[in-house]
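One letter stands for each residue in the lines below.
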Amino acid sequence: MRWWRRAPAKSKRNQNTHMKTSHTPGPWHIQPSSSFDASYVLIKPIPGQVVAQVDKLPEMDANAALIAAAPDLLEALKFLDDNDRITCENADFEIPAGECPCCGCKARAAIAKATGE
Ligand SMILES: [Zn+2]
């Protein structure tokens, strides 16, 4: 029996599916408020303008960290998707669009939410 090498899977990487960036490019950083009361922190690219202001709530530091990480999180998800690493685990089942609870569909939903698609 002779074995044939399978043709490599088509990667989305060269299809430029996610090449368009509509948000301010990362990385984003957290800049503490310069005011005395420190009632907010700013999320900024460095150098750059303010992307977001995070008001002082009990969760301010965690909120700021999450927002500052957004470009990195999106880039990681797009990288996985471009390399065909995001797939629906329930593709054999008929599940209404947007209701599949699998990791792949949650990842795709997060990309769509982040990109407004
Ligand atoms: Zn799924």
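Let us look at the structure shown here.

Calculation criteria
Residues numbered from 1 in each chain as written. Predicted model: local features only at pLDDT ≥ 70, side-chain atom pairs only at ≥ 80, totals over all residues. Helix = DSSP H or I, 4+ residues; strand = E, 2+ residues; numbered from the N terminus. Buried ≥ 20, exposed ≤ 12 C-beta atoms within 10 Å, placed from the backbone. Contact = placed C-beta atoms within 7 Å. Core = buried A, V, L, I, M, F, W, Y, C linked by C-beta atoms within 7 Å. Pairing = 2+ DSSP bridges. Axes fitted to C-alpha atoms, helices over the stretch in contact; angles between N-to-C directions. Expected span 1.5 Å × (residues − 1). Bend = angle between axes of the 7 residues up to and from the residue.

Counting its secondary structure elements, the protein contains two helices and three strands. Across the protein, helices and strands are ordered from the amino to the carboxyl terminus as β-β-β-α-α. With 117 residues in all, the protein has 8% of them scored as buried. Taking as baseline every contact in the protein between residues at least 6 positions apart, the subset at least 24 positions apart corresponds to 39%.

One finds Trp 28, Val 41, Ile 43, Val 54, Ala 64 and Ala 68 forming the largest nonpolar core, which totals six residues. Of all elements in the fold, only strand E2 (40–45) and helix H1 (60–82) reach the threshold of two or more residues within this core. Once residues lying within four places of it in the same chain are set aside, the contact partners of Val 41 are Ile 30, Gln 31, Pro 32, Ser 33, Val 54, Met 60 and Ala 64.

This paragraph deals with unusual backbone geometry. In this chain, Gly 26 is followed by Pro 27 through a cis amide linkage whose omega measures 5°. Residue position: Pro 27 is located in the segment before strand E1 (28–32). A positive phi angle, near 55°, is found at Asp 84, a position not held by glycine. Among the secondary structure elements, Asp 84 is positioned in the loop between H1 and helix H2 (103–115). Asp 84 gets classed as exposed once you count the C-beta atoms within 10 Å, which come to 12.

Turning our eyes to something else, we now look at the sheet that holds strand E3 (residues 52–55). Backbone-to-backbone hydrogen bonds join strands into a sheet, with any given pair of strands oriented parallel or antiparallel. An order of E1-E2-E3 is seen for the three strands of this open sheet, with the pairing classed as antiparallel. Two strands close off the open sheet at either side, each with one partner strand: E1 and E3. Ignoring which end each strand starts from, the neighbouring axes of this sheet average 30° apart. Where E1 and E2 come together, five bridges link them in antiparallel fashion. When the bridges of E2 are listed, Gln 31 appears paired with Leu 42. Across the sheet, H1 lies against E1, E2 and E3, angled at about 150° from E1, the strand it touches most.

Across four bridges, the pairing between E2 and E3 is antiparallel. By the bridge assignment, Tyr 40 is partnered in E3 with Asp 55. Between the antiparallel neighbours E2 and E3 lie six residues.

Under the 1.5 Å per step criterion, the end-to-end length of H1 is 33 Å for 23 residues, consistent within 8% with the ideal 33 Å. Within H1, the axis deviates most sharply at Ala 70, by approximately 50°, and proline Pro 71 lies no more than four positions further along. Residues of H1 that are buried: Ala 64, Ala 68 and Lys 78. Of the surrounding elements, those touching the buried residues of H1 are E1, E2, E3 and H2. Asp 84 occupies a position one or two residues after H1 and carries a positive phi of about 55°.

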